[in-house]
Amino acid sequence: MHTSLTLRMVASVGLVAVALAACSSSAGDSSNSATGNAGGSSEATAGSASSGRSGVGTAGGTSSADVPCEVQVLLANKCLLCHKANPPGALLASADFQRLSKADPSKTVGEVALERVALTTNQRMPPAPLAAATDAEIAALTTWVKGGAMPASCGEAVAMPPDPYATPLVCTTMKNWTGGNRESPLMRPGGACISCHQKAGEGPVFAVAGTVFPTAHEPDDCDGVGSAAGAQVVITEANGNAHTLTVNQAGNFFLEASTFAFPYQAKVVYQDRERVMVEAQTSGDCNDCHTQDGRENAPGRIFLP
């Protein structure tokens, strides 16, 4: 799925809402409408919980950066599942906040981040439907950034949320498509459906198509979640038309439509949970970015929440 996204985990009215990683959009600082961009940010290598940055814990571990404890709590709860890679997207240490913003060189990344978390519009960070920063978190960030975002000793480790993409490469179902390019609704799970059909000069014409897997890193032609799981993909067009797609036996889902209003919103619904794309998407070829390792800022497969 093209155009920015990210992967974030929050509790939301009894649901676990996790933003799906989406594609495209360059990694940037907090001023990018999407850090967000698949958190818009640079993300850690798919399948790895390490940011590759010494001294700073990542999702699933603890943080020990030169950032005040109160700000570390904000970063752990609202930022670091996306902003945990190397610059320009990282928000890990004081130096990251002191850098000049690429979008507005008259301000530091910290100043732009402070503006973004305080917004109540659709430009705020973290983006809806993720929970906004609390007044206490914003106050802590304000004090630190206005003081120059100077290195500070926390003296304690701040627990980080688990990274749902830190999983091994595996074919969970242990079932594979063996029919080559033989036409079937079950064909080539994990492949870029729309691109493949277009190259072959054949239909049907899909507005949106992809595969839902049990975990974040699964190989092509491996069956995804079966229809018995009851997973659904909800696609909402720009005009408000909503389509609930049932995942089939191979985990594939697709929407055939002669007209379709881009950009659209997408989410995977499973039991009482959902995984949500936080940004509207401009391409319906979901598996083009949600490959086994992920590309264009997507950190891996579309998978169950």
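Shown above is the structure to which this text applies.
In short, a report on the structure. (Residues numbered from 1 in each chain as written. Predicted model: local features only at pLDDT ≥ 70, side-chain atom pairs only at ≥ 80, totals over all residues. Heavy atoms only, no water.)

## Focus: helix 4 (residues 135–146)
So, step 1. Taking 1.5 Å of rise per residue, the 12 residues of helix 4 would be expected to cover 16 Å, and the 16 Å separating its terminal C-alpha atoms lies within 8% of that figure.
So, step 2. All of the buried residues in helix 4 are E137, I138, A140, L141, W144 and V145. Seen along its axis, helix 4 keeps its buried residues to an arc of 160°; they face one direction. For helix 4, exposure combined with an orientation more than 90 degrees from the buried face picks out D135, A136, T143 and K146.
So, step 3. Looking at the packing, one finds that the buried side of helix 4 touches helix 1 (69–79), helix 2 (94–98) and helix 3 (109–118).
So, step 4. Backbone geometry just after helix 4 places G148 at a positive phi near 100°. (Helix = DSSP H or I, 4+ residues; strand = E, 2+ residues; numbered from the N terminus. Expected span 1.5 Å × (residues − 1). Buried < 20%, exposed > 50% of the residue type's maximum accessible area, 1.4 Å probe, protein only. Arc of directions from axis to C-beta. Contact = heavy atoms within 4.5 Å.)

## Remarks on the state of the cysteines
So, step 1. Applying the stated criterion across every chain, the model contains 1 disulfide.
So, step 2. Covalent S-S linkage joins C171 and C222, the inter-sulfur distance amounting to 2.1 Å. The sign of the 90° torsion about the S-S bond sets the C171-C222 disulfide as right-handed. One end of the pair, C171, is in the loop between strand 4 (158–159) and helix 5 (193–199); the other, C222, is in the loop between strand 5 (206–213) and strand 6 (232–236), with 51 residues separating them in the sequence. Side by side, C171 and C222 carry an identical accessibility label, which is buried.
So, step 3. Looking at the unpaired C193, the closest cysteine sulfur is the one in C286, lying at 8.0 Å.
So, step 4. A relative accessible area of 16% means that C193 is categorised as buried. (Disulfide = S-S within 2.5 Å.)

## Some words on unusual backbone geometry
Most of the time, phi is negative for any residue but glycine, and the peptide bond is trans.
So, step 1. In the segment running from M125 into P126, the intervening peptide bond is cis, with an omega of -10°.
So, step 2. As for its position among the elements, P126 is in the loop between helix 3 and helix 4.
So, step 3. Each neighbour pair has its own omega, and for F262 with P263 the value is -5°, a cis peptide bond.
So, step 4. Of note, P263 is situated in the loop between strand 8 (252–256) and strand 9 (265–270).

## A few points about the nonpolar core
So, step 1. Ranked by size, the top nonpolar core spans 21 residues in total, and within it V67, V71, L75, F97, L141 and W144 carry the most contacts.
So, step 2. Counting residues per element, the ones that place at least two in this core are helix 1, helix 3 and helix 4.
So, step 3. The greatest single-element share of this core, amounting to 5 residues, is contributed by helix 4.
So, step 4. In this view, L75 contacts V67, L80, L91 and F97; residues no more than four positions away in its chain are not counted.
So, step 5. If you look at the next biggest cluster of nonpolar residues, it comprises 20 residues, including A231, V233, I302 and L304. (Core = buried A, V, L, I, M, F, W, Y, C linked by side-chain atoms within 4.5 Å.)

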